[in-house]
Amino acid sequence: MNWRDLSLVERLGLFRERAEELRQTRFFRDTLLGGYGFKIEAQQVPGTLDEYNAIFSLSDFDDEYLRSFLTLFRRFFMANDPIINLFSIYNLCHQHLINDQYKAFLIKSREIVNYVLKNSSFQLRIDETNITPEYISDVWINGYYLHDNIDHLNFLRSLPPYYTEVVLKTYFLDYLRDMTKQILYTSDVINAALNDGSFRTT
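So, here's what we can say about the structure. In this text, all values refer to a predicted model and were calculated from it rather than measured experimentally.

## Concerning the pattern of salt bridges
Under the counting rule described, the total for this entry stands at 12 salt bridges. Between Glu21 and Arg18 there is a salt bridge, with the nearest N and O atoms lying 2.7 Å from each other. Remark: Arg18 and Glu21 occur in helix 1 (residues 8–24); sequence separation between them is 3 residues, near one turn of the helix. Relative accessible area serves as the criterion here: at 38%, Glu21 is assigned to the partly exposed category. Look at Arg18 and you get partly exposed, because its relative accessible area is 23%. Residues Arg23 and Glu20 are paired through a salt bridge, measuring 2.8 Å at the closest nitrogen-oxygen approach.

## Looking at the environment of Pro82
Positionally, Pro82 belongs in the loop between helix 3 (63–73) and helix 4 (86–96). Exposure remark for Pro82: the relative accessible area of 16% places this residue in the buried category. Along the primary structure Pro82 and Arg4 are separated by 78 residues, whereas in three dimensions their C-alpha atoms are 9.5 Å apart.

Parameters and conventions
- Residues numbered from 1 in each chain as written.
- Predicted model: local features only at pLDDT ≥ 70, side-chain atom pairs only at ≥ 80, totals over all residues.
- Heavy atoms only, no water.
- Salt bridge = Lys/Arg side-chain N within 4 Å of Asp/Glu carboxyl O.
- Helix = DSSP H or I, 4+ residues; strand = E, 2+ residues; numbered from the N terminus.
- Buried < 20%, exposed > 50% of the residue type's maximum accessible area, 1.4 Å probe, protein only.

What follows is the structure, encoded as structure tokens:
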């Protein structure tokens, strides 16, 4: 059966099922919702009175939980997976929603997603180049966690370990957190719209 043969309700239902799976993943519940962050500690250099080394660290989390989370998360942004691709779902809802308030909710959500692709809570510059969350997500997913893109892997290896494991990973986790919130928000809006008959289904 081709995905184009799915009815509107079936397709939205599949999106909601996958969104709920994402909501229930341990990585989302324990790390993205439970809290994470990096800290900087000053450690006195032995034999000195006023010299310190900066120690950078990131909250502990299970890499296998993250890898499992990513296998589902990335599907919401894959162009060749249109059934649950978030932007395809936005378009589908815009075409078929008859409730302007729900439309406005999803238009705002799409604006947030487009912002999160390019911006984060802090600006990242490497070699005088602004680095976007979208790019760092691609680097971690396709260069380390799920695939072995050599260019991405070499990029990670070219940086100091503390920078890769603390700064870049925090940047990545912020992106995952913010995008997942919009996936789940979109699912909740769709659920409400389905329940009160706000989709044109004929």
